[in-house]
Every structure is written in structure tokens, then in C-alpha cells.
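Understanding the architecture of this molecule
The primary structure of each chain is shown beneath.
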Amino acid sequence: MHISEIINHFAEDRENYSNAAVPPIAQSANFCYKSVAQMRHALQNEHLVPFYTRGSNPTTDLLRKKLAALEHTEDSLLFASGSAAIAAAIMANVAMGDHVVCIQKPYSWTAKLLNNILGRFGVTHTMVNGRDFSNIQSAIKSNTKVIFLESPNSWTFEMQDLEAVADLARAKGILTMIDNSYASPILSNPADFGIDIILHSATKYIGGHSDAVAGVLCCSHEMSLKIFKGEFMTLGGTLSPFNAWLLLRGLRTLPLRIKQAANNASALVSYLENHPMIEKVYFPFSSTYEQNDLAKKYMKGNAGQFTITLKTKDAEKVEKFCNAFEFFLLGCSWGGYESLAFPAITLYDSMNYNSGVFPPNMIRFYAGLEEKELLLQDFEKAFRAIQ
Ligand SMILES: *Cc1c(COP(=O)(O)O)cnc(C)c1O
């Protein structure tokens, strides 16, 4: 199916809602039946048939089908946040005594799940530099059950060789998962390379309007049923029907939004790579990016995120630079309509600028949907502020 067919037509049931172009929001917690037999059927098939909205809901199910199709998987499950999806995926597949191999510098709350929570239940992990496949290979132990990837990750965009990891994991009976939030289902489909569970913070590109927090997990029917019956229903991080509807609306323009953000990011990166006040630009599709071959193999193109380090170690100057932007708003996240700047200095107590993973002169950007001229002007303004 073409992407637009999935987005515009697939799984729509317009005749069942007065031929409305847009599906209604089934803002209902529960569903009611004419007979015991019907009710029993719904309850016995709660994974697929609306019975109670913590499990299944018509609005959410429509989105679920479209996202599974976009990620080239059999099924998907939606969550109230990307973090809920990640936690459910990992927790459903480990038990006491098991081990997880995870890439270094995953999304911060993925790290907290592994570091602060799963350890309490006897699940250990090793974090490795996943740029080098052999690091992943040598971290595997006899009790390794999950390999968790994020390619590219979200500040410095390190990538992993998905096919190599998937082949190794299959041979050893280990499950592979990837946080694919950077690329969205438009730019990368890790299932095509053998990855078992694909995760997204749907808050980012999929929703695309900075108005709903959501997560999705894409996988086989079998895995989806296992997670549904376990962590999905038990922990109950359900996406609301209204937020599912917002995501459906966002999804209609996903390819266009990605295109605009990507064009803006490319233009800004070309400008910044030649700027005398820039130390380094991190961008998977720049010709100087160390893993350019992997970027080209696993992604159809770049997204809107890039990171810079300024040619100064002076945190006050970095702060001044960031404060000078007018159109890049200071904030976390990405994938919305608005351009964003996220300075690493906000991650740390101002007394400990050098204590963290990212240096104080590092700033992550998301190029939103504005005209590129406006964004270029904004950078010029910020550079002038620290000249
Ligand atoms: C935002 C984000 C998450 C978490 O998603 P939420 O929807 O905020 O819970 C996970 N991974 C990455 C890479 C993210 O950017």
C-alpha cells in the first residue's frame, strides 16, 4: 500500500458513521451488548473488539491499524505516552534474573527504567556503545533476553547496524526492540530489517502538533497479544479516545510535515557547518557524519533534528545565544509545528555544567514548519548576540 492509502483510506469505516470524512471520537469508557453471547464474544476478544476502553476502543483501533501498516508490522498497541510503551515492551519480556543489552545514552526515561526500576526486580542490563556492532555482540550473556536500540538516538544521533543486530539476536533467541522516534514510520521501518518491536513517542512526529502525549508499540500479532494480556491491561497506560483522534488528524499530514522539517533542517545544517562560531554539527545526513552509510541504509532521509556545539565553553555565552532566538522556542520534544531549541545546560544544575553526558556548549534543535529564511535569520540574530 502507498503511504497515502494507509493514511487516508486504510481501515476507515465511513459508511458506519454517516459517511463523515472524519471518524467520530468514541468517547466512551464501556460498550454495551444486546445479548450475553455478544458480550461474551467481546470480552473473549478484548484485544480486537471494543469492550472497555482500557483495552480497545473504535477510535484508538483505527489509529492502531494505520500505525501497524505504516511500520510494516501485523499489529500495534497505543499508550498514553512513549515511555509507557517502552516500559510495557521491556517489562513484558523480562523476568527476575534476566539481562538486557541497551545502547548507551537511550532516551532518559528508558535509562531510568533500566537503572532505577528493573534492577529492583532482579533484571540487570549492560549499556554499550552501539556504533560498533561487536560491542553489542560481546555484551550478550546467556541470560540476555532483550536488545534495546535507539537509532539514531536523540541528542548525538549514534546509529546501530539494525540488520546485523537482528540477525545475531534471532540466532540466539533474543528479542530486539528499537525506539524509532527520531525517524517516524515515514523515514525508517526497522521491521524490514528484522527488528521485533518498534516503539515511538507518538507525541513527536506522529501527533505532530505538540498537543497530545502518546506512545505506540508495533509488533507481531503474537507479541501484541502477549503484551496486551500482561503489561498493557495491567499497568493501564491507555491512550484516551480524544488523543487517539488528535493523532489520527496529525497523521493525515505526517509525510508533508516531515518533508518541510527535513528541508529546513538540511538548509540550517549547511549554513551552520560553514559558520565560524560552530565547533561541530551532529546530523546523520551530513557528509561528515561518521555513520553516513548506516543513515543511508536505514533511513529514507533526514528528519528535523540536529545538534550543535558552539565554539565556546562559556556557559553564560551559550545561555545568551539561546535567549536571543525569537522563533526557535526554548523547549523539549520535537516533531510539532514549532521550531525548538533544547540547550544541554538546562539538564544540569548551573554549578555542575561539566558533570553530565552532554557538554555545556551543546544545543539540540528541531527545525519546525516555518519558512527556512525565517529560521536562518533567527540563527543570525543569535550569533550576533554573542559576537
Ligand atoms: C519523547 C521521547 C520518548 C518518550 O516519549 P513520551 O511520549 O514523552 O513518553 C522516548 N524516546 C524518545 C527518543 C523521545 O524523544
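Residues numbered from 1 in each chain as written. Predicted model: local features only at pLDDT ≥ 70, side-chain atom pairs only at ≥ 80, totals over all residues. Heavy atoms only, no water.

1. Some thoughts on the site of the ligand
For the record, the criterion: Any residue with at least one heavy atom within 4 Å of a molecule or strand is counted as near it. Polar contact is defined as a pair of N or O atoms within 3.5 Å, subject to the rule that within protein one atom must be able to donate a hydrogen and the other to accept it, and that residues adjacent in sequence are counted only when both atoms are side-chain atoms. Note on areas: Shrake-Rupley, 1.4 Å probe, and residue coverage restricted to the protein chains presented here. The rule is simple: put a 1 Å grid over the protein atoms alone, call a set of points where a 1.4 Å probe fits but cannot get out a cavity, call an open set with protein on both sides within 12 Å along at least five of seven lines a pocket, and count a residue as lining if it has an atom within 4 Å of a point. The rule for placing a molecule in a cavity or pocket is simple: more than half of its atoms must lie within 2 Å of the grid points. Helix and strand definitions follow DSSP, with helices as H or I runs of at least four residues and strands as E runs of at least two, each counted in order from the N terminus. Ten residue types, Ala, Val, Leu, Ile, Met, Phe, Trp, Tyr, Cys and Pro, are classed as nonpolar, four, Asp, Glu, Lys and Arg, as charged, and the remainder, Gly among them, as polar.
Surveying the vicinity of the ligand reveals 14 residues, the closest of which are Gly82, Ser83, Asp179, Thr203 and Lys204. Measuring from an oxygen atom of the ligand, one finds a backbone N or O atom of Ala214 at 3.5 Å. For the ligand, the accessible surface in isolation is 380 Å², of which the surrounding protein chains cover 90%. Mapping the ligand onto the cavity grids shows that it belongs to the largest pocket. Element by element, the count of residues in the shell around the ligand is highest for helix α4 (residues 82–91), at three residues. Here the residues of the shell around the ligand sort into five nonpolar, six polar and three charged.

2. Observations concerning the sheet that holds strand β5 (residues 175–179)
Using the following cut-off: Strand pairing is defined by DSSP finding a minimum of two bridges between the two strands. Helix axes are fitted to C-alpha atoms over the stretch in contact, other axes to C-alpha atoms as well, and angles between N-to-C directions run from 0 to 180 degrees. Pairs of residues are marked as contacts when any of their non-hydrogen atoms sit within 4.5 Å.
Pairing within the open sheet is mixed, and its seven strands lie in the order β1-β7-β6-β5-β4-β2-β3. The open sheet terminates on both sides in strands that have one partner only, identified here as β1 (75–79) and β3 (124–128). Neighbour to neighbour, the strand axes of the sheet diverge by 20° on average, direction disregarded. In this structure, β5 lies alongside strand β6 (residues 197–201), joined through three bridges in parallel fashion. Its bridge partner lying in β6, Met177 is registered against Ile197. Across the sheet, helix α3 (residues 58–70) lies against β1 and β7 (215–219), angled at about 130° from β1, the strand it touches most.

3. Quick look at the layout of surface pockets
To keep things clear, this is the line we draw: Grid points are joined across faces, edges and corners, and a volume is the space filled by probe spheres set on the points.
Roughly 750 Å³ of volume is contained in the largest pocket. Along the walls of the largest pocket sit 32 residues, with Tyr107, Ser108, Trp109, Ser154 and Trp155 positioned nearest its centre. Mapped onto the lining of the largest pocket, the elements with two or more residues apiece are α4 and α5 (108–117). Quantified by volume, the second largest pocket comes out at close to 210 Å³.

4. Description of unusual backbone geometry
What counts is decided by this rule: Throughout, exposure labels follow a simple rule: accessible area from a 1.4 Å probe, protein chains only, divided by the maximum for the residue type, with under 20% read as buried, over 50% as exposed, and the rest as partly exposed.
That bond from Ser151 to Pro152 is cis: its omega, -5°, falls within 30 degrees of zero. Looking at the element boundaries, Pro152 is found in the loop between β4 (144–150) and α7 (162–172). Phi is positive for Ser210, which is not a glycine, with a value near 55°. Looking at the secondary structure, you find Ser210 in the loop between β6 and β7. Residue class for Ser210 comes out partly exposed when judged on its relative accessible area of 43%.

5. So, empty space enclosed by the protein
Scanning the model with the defined rule gives three cavities of 30 Å³ or more in all. As a volume, the largest cavity reaches approximately 80 Å³. Gly55, Thr60, Leu78, Phe232 and Thr238 are, among the 13 residues lining the largest cavity, the residues nearest its centre. Among the secondary structure elements, those contributing two or more residues to the lining of the largest cavity are α3 and β1. Residue contributions to the lining of the largest cavity peak at three residues, all from α3. Classifying every residue of the lining of the largest cavity gives four nonpolar, six polar and three charged. Considering only enclosed or pocket space, the second largest cavity measures out at about 40 Å³ in volume.

6. Digging into the sheet that holds strand β8 (residues 278–282)
Pairing within the open sheet is mixed, and its five strands lie in the order β8-β9-β12-β11-β10. The open sheet has two edge strands with one neighbour each: β8 and β10 (329–330). In this sheet, strand β11 (residues 340–343) lies alongside β10 in parallel orientation, the contact comprising two bridges. From the neighbouring strand, Leu330 faces β11, where its bridge partner is Ala341. Sheet strands in contact with helix α11 (residues 254–273) are β8, β9 (305–310) and β12 (362–366), and its direction is about 20° off that of β9. On the sheet, helix α13 (residues 315–323) packs against β9, β10, β11 and β12 and is oriented at approximately 15° with respect to β12.

7. Things to note about the state of the cysteines
The test is simple: For the purposes of this analysis, a disulfide is any pair of cysteine sulfur atoms at a distance within 2.5 Å.
A complete count under the given rule lists zero disulfides for this structure. No disulfide involves Cys219; its sulfur sits 7.4 Å from that of Cys218, the nearest cysteine. Cys322 supplies the cysteine sulfur nearest to Cys332, a cysteine that is in no disulfide, at a spacing of 14 Å. Cys332 gets classed as exposed once you look at its relative accessible area, which sits at 52%.

8. Digging into the environment of Pro284
One can find Pro284 in the loop between β8 and α12 (292–298). By relative accessible area, which is 0% here, Pro284 ends up buried. Residues Pro284 and Ile136, spaced 148 residues apart in sequence, show a C-alpha to C-alpha distance of 21 Å. The residues touching Pro284, leaving out its near neighbours within four places in the chain, are Pro152, Phe157, Tyr182, Tyr289, Asn292, Ala295 and Met299.

Read these as geometric descriptors, not functional statements.
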